[in-house]
Amino acid sequence: MEIGSNVRIDDFCILSGNIKLGSYIHISAYCALYGQYGIELEDYTGLSPRCTLFSATDDFSGDYLIGPMISEEYTNVTGGKITIRKYSQVGAGSVILPKVIIDEGVAVGAMSLIMSNLEEWNIYAGIPAKRIKNRSKNLTKLITENNSNAK
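Rules and cut-offs
Residues numbered from 1 in each chain as written. Predicted model: local features only at pLDDT ≥ 70, side-chain atom pairs only at ≥ 80, totals over all residues. Heavy atoms only, no water. Pairing = 2+ DSSP bridges. Helix = DSSP H or I, 4+ residues; strand = E, 2+ residues; numbered from the N terminus. Phe/Tyr/Trp six-rings, centres within 6.5 Å; stacked < 30°, edge-to-face > 60°. Buried < 20%, exposed > 50% of the residue type's maximum accessible area, 1.4 Å probe, protein only.

Caption draft 1: Structural view of the pairing of strand E3 (residues 14-21). Two elements, strand E1 (residues 2-3) and E3, share two bridges in a ladder whose sense is parallel. Looking at E3, one finds that isoleucine 3 is bridged to leucine 21. Both E3 and strand E5 (residues 32-41) contribute to a ladder of seven bridges, which runs parallel. Each bridged residue has a counterpart across the sheet, and for serine 16 the counterpart in E5 is tyrosine 34.

Caption draft 2: Focus on the packing of aromatic side chains. Tallied over the entire structure, the rule returns five aromatic pairs. Plain terms: the ring middles of tyrosine 44 and tyrosine 87 are 5.8 Å apart, the flat faces sit at 20 degrees to each other, and that makes the pair stacked. With tyrosine 44 in the loop between E5 and strand E6 (46-47) and tyrosine 87 in the loop between strand E10 (82-84) and strand E11 (89-90), this residue pair connects regions lying 43 residues apart in the sequence. Tyrosine 44 sits in the partly exposed class, given a relative accessible area of 22%.

Caption draft 3: Geometry of the sheet that holds strand E4 (residues 25-27). Spatially, seven strands are ordered E2-E4-E6-E11-E14-E16-E17 in an open sheet, and the strand pairing comes out mixed. For this open sheet the edge positions go to strand E2 (7-9) and strand E17 (130-134), each flanked by a neighbour on one side alone. Of the pairings in the sheet, the one linking strand E14 (residues 107-108) to strand E16 (residues 122-125) comprises two bridges and is parallel in character. Each bridged residue has a counterpart across the sheet, and for alanine 107 the counterpart in E16 is isoleucine 123.

Here it is, written out as structure tokens:
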């Protein structure tokens with residue numbers, strides 16, 4: 001696990017596996033990050049309460065057994081890295097499935113299911129998450145101003 005500077009992880013969170021957190025990140029209470037295949041949150045990102053990120057998933061087809069107490073030869077766990085790029089925020093209660101890239105500047109509404117990549121500087125919501133509208137890039141100016149004032 002790697003954790004940058006100015007990172008806040010609230011109470012009752014689970015962070016498990018291969019996880020890399022940049023800087024200026026907030027992970028709200030009751031979030032769960034299951035990073036068997038990797039999870040990366042870049043700078044200035046956040047997870048609202050009760051978000052769940054799964055970088056791995058069992059095969060629910062009925063051809064395999066399911067669960068961590070079963071020998072690997074009888075399961076079919078697959079997955080891939082989840083990446084949340086700079087300036088992105090995920091709304092409360094959202095679920096992110098394996099192999100997803102949330103591009104720079106994305107905002108995801110509460111209770112959304114993210115099953116595929118989300119394109120930069122857009123707002124998404126729903127089950128599954130769908131594009132709602134463009135998102136303003138003005139927040140990047142605030143970060144630039146904040147960094148120059150901090151010197």
